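These are the residues of each chain, in order.
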Amino acid sequence: MAKALVKTDLHFDGQKSLYEGKVRDVYDIDDKYLAMVVTDRISAFDVVLPKGIPFKGQVLNQIAAKALDATTDICPNWKIASPDPMVTVGYKCQPFAVEMIVRGYLTGSSWRDYKAGARSICGVPLPEGMREHQKFEKPIITPTTKAELGLHDENISKEDIIARGLVSAEDYAVLEKYAMQLFERGTEIAAQHGLILVDTKYEFGKKDGEIYLIDEVHTPDSSRYFYADGYQERFDRGEQQRQLSKEFVREWLMEHGFQGRKGDVMPELTDAFVDSVSERYIELYEHITGEKFDRGMEPATEERIANNVKNMLARLV
């Protein structure tokens, strides 16, 4: 099994701070740039699991880099370059305190809420009689608050976001427009590879008064995909869909009694399970991008990453 990179402790000229998220280590350079290292950490139910997944960081970073490049005509984004398979360097933006979740289908947490009796999500009304994995008449936006590490994101309505001053009405209208356009583009790209983009999240920030798309885009950690082939037949029979997402990790944890609730005990992550998750992420990459995954950069080391980022930063000065 390849070695997973779960922590970095790098030092760059002009470095102001290091933020360690659930998956990403983000280095602030001169309050102007961010060097985002996508580690092999994996989280579920807002909990970081005790073992890393080899190649996961490379998969996520490279998918996001391609998606950012493919959507620059819709809105500006934070990316400048990806100097290492596990790193993106870009502009520092002031993030909004909400995440824009776009859903095209009733599945995952939205289905669990619906099954429990909810008939609206984040103020968006849902019709009676819907079934799991059913396509919405048109995509819906169900925002969440951005939680600190170790806390859970919470659903919130557009009205509450504006009323609480998290986002102005004017800016929120732009976030909605961008999110829907990005989801449409993501849907088109997914269809080219025989996939359905089921739902995803977008994060935005501001730089010099302009709204930028930030963080990851259309990755299997931030998105859910179905295989298009056979979707309708499985739906008609009431069967589960073939998915490309991190949902399989959540499902495995739930099967073993863990949902991040107080008192839940994390099950043992065996080497065989970790290896299977790694292979699944590589499968996700190849399906989502239509390209063969390159394992030639293993193993990921702090020295390699540091050198690549330092060379990149030197060109920005």
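The structure this text deals with has already been given above.
Right, let's walk through the structure included here. Bear in mind that the values here come from a model prediction, so they are computed numbers and not experimental data.

Taken as a whole and judged by the stated rule, the model has eleven aromatic pairs. Between Tyr105 and Phe226, the aromatic rings sit 6.0 Å apart at their centres with planes inclined by 70°, giving edge-to-face as the arrangement. On the criterion of sequence distance, the pair formed by Tyr105 in strand β9 (residues 98-106) and Phe226 in strand β16 (residues 223-227) is long-range, its members being 121 residues apart. Of the residues examined, Tyr105 reaches a relative accessible area of 7% and is grouped as buried. Phe226 gets classed as buried once you look at its relative accessible area, which sits at 0%. Cluster of aromatic residues (ring-pair linked, three or more members): Tyr105, Phe226, Tyr231 and Phe235. A cation over an aromatic ring shows up here: Arg131 above the ring of Phe235, its NZ or CZ 4.1 Å from the ring centre. Just above the ring of Tyr91 sits the side chain of Lys207; from NZ or CZ to the centre is 4.8 Å.

Next up on the list: the sheet that holds strand β6 (residues 79-84). Whether parallel or antiparallel, the strands of a sheet pair through hydrogen bonds between backbone atoms. An order of β1-β2-β3-β7-β6 is seen for the five strands of this open sheet, with the pairing classed as antiparallel. Edge positions in the sheet fall to β1 (15-20) and β6, since each has one partner strand and no second. Sheet twist, expressed as the mean angle between neighbouring strand axes with direction ignored, is 20°. In the sheet, β6 pairs with strand β7 (residues 87-91) via three bridges, with the strands oriented antiparallel. Counterpart to Ala81 in the pairing with β7 is Val89. Of the strands in this sheet, β2 (24-29), β3 (33-38), β6 and β7 are in contact with helix α1 (residues 56-69), which crosses β6 at around 150°. Most of the contacts of helix α8 (residues 302-316) go to β6, to which it runs at about 140°, and overall it touches β2, β3, β6 and β7.

Before going further, it helps to spend a moment on unusual backbone geometry. Unusually for a residue other than glycine, Cys122 sits at a positive phi of about 55°. Note on placement: Cys122 falls in the loop between β10 (120-121) and β11 (124-125).

The next thing to look at is the pattern of salt bridges. Enumeration according to the criterion identifies 27 salt bridges in this entry. Glu176 is the partner of Lys158 in a salt bridge, and the nearest nitrogen-oxygen pair spans 3.7 Å. One end of the pair, Lys158, is in helix α3 (residues 158-163); the other, Glu176, is in helix α4 (residues 169-192), and 18 residues separate them in sequence. You can call Glu176 partly exposed: its relative accessible area is 25%. For Glu283, the salt bridge is made with Arg280, and the minimal N-O distance between the two is 3.9 Å. With Glu283 and Arg280 both in helix α7 (residues 271-289) and three residues apart, the pair spans about one turn of that helix.

A complete count under the given rule lists zero disulfides for this structure. Not engaged in a disulfide, the cysteine Cys75 finds its nearest cysteine sulfur in Cys93; these two sulfurs lie 11 Å apart. For Cys75, a relative accessible area of 2% gives the class buried.

Looking only at helix α2 (residues 108-115), the buried set comprises Gly108, Ser110, Trp111 and Tyr114. Buried residues of α2, viewed axially, fall in a sector of 150°; they line one side. Looking at the packing, one finds that the buried side of α2 touches β9, β10 and β16. Looking at the residues trailing α2, positive phi occurs at Gly117, about 115°.

Take the nonpolar core next. If you look at the biggest cluster of nonpolar residues, it comprises 62 residues, and the most contacted ones within it are Met100, Tyr202, Phe204, Leu213, Leu253, Val277 and Tyr281. Apart from residues no more than four positions distant in its own chain, Val277 is found in contact with Ile42, Ile53, Phe248 and Val249. Counting 16 residues, the second-largest nonpolar core is a separate cluster that includes Phe12, Ala35, Ala306 and Met312.

Turning our attention to the side chain of Thr107. Position of Thr107 among the secondary structure elements: in the loop between β9 and α2. A relative accessible area of 1% means that Thr107 is categorised as buried. Among the polar contacts listed, one links the side chain of Thr107 to the side chain of His133, at a separation of 2.8 Å. Residues in contact with Thr107, not counting those within four places in the same chain, are His133, Val198, Asp199, Arg224 and Phe226.

Moving on: the pairing of β16. Across the five residues that make up β16, a large majority, five, are buried. Burial along β16 is two-sided: the face carrying Ser223, Tyr225 and Tyr227 and the face carrying Arg224 and Phe226 are both buried. The sheet contact formed by strand β14 (residues 195-207) and β16 spans five bridges and is antiparallel. For Ile196, the partnering residue across the bridge sits in β16 and is Phe226. In this structure, β16 lies alongside strand β17 (residues 243-245), joined through three bridges in antiparallel fashion. Across the sheet, the residue bridging to Tyr225 is Leu244, located in β17.

Rules behind the numbers
Residues numbered from 1 in each chain as written. Predicted model: local features only at pLDDT ≥ 70, side-chain atom pairs only at ≥ 80, totals over all residues. Heavy atoms only, no water. Phe/Tyr/Trp six-rings, centres within 6.5 Å; stacked < 30°, edge-to-face > 60°. Helix = DSSP H or I, 4+ residues; strand = E, 2+ residues; numbered from the N terminus. Buried < 20%, exposed > 50% of the residue type's maximum accessible area, 1.4 Å probe, protein only. Lys NZ or Arg CZ within 6 Å of the ring centre and 35° of its normal. Pairing = 2+ DSSP bridges. Axes fitted to C-alpha atoms, helices over the stretch in contact; angles between N-to-C directions. Contact = heavy atoms within 4.5 Å. Salt bridge = Lys/Arg side-chain N within 4 Å of Asp/Glu carboxyl O. Disulfide = S-S within 2.5 Å. Arc of directions from axis to C-beta. Core = buried A, V, L, I, M, F, W, Y, C linked by side-chain atoms within 4.5 Å. Polar contact = N/O pair within 3.5 Å; in protein donor to acceptor, adjacent residues only side chain to side chain.

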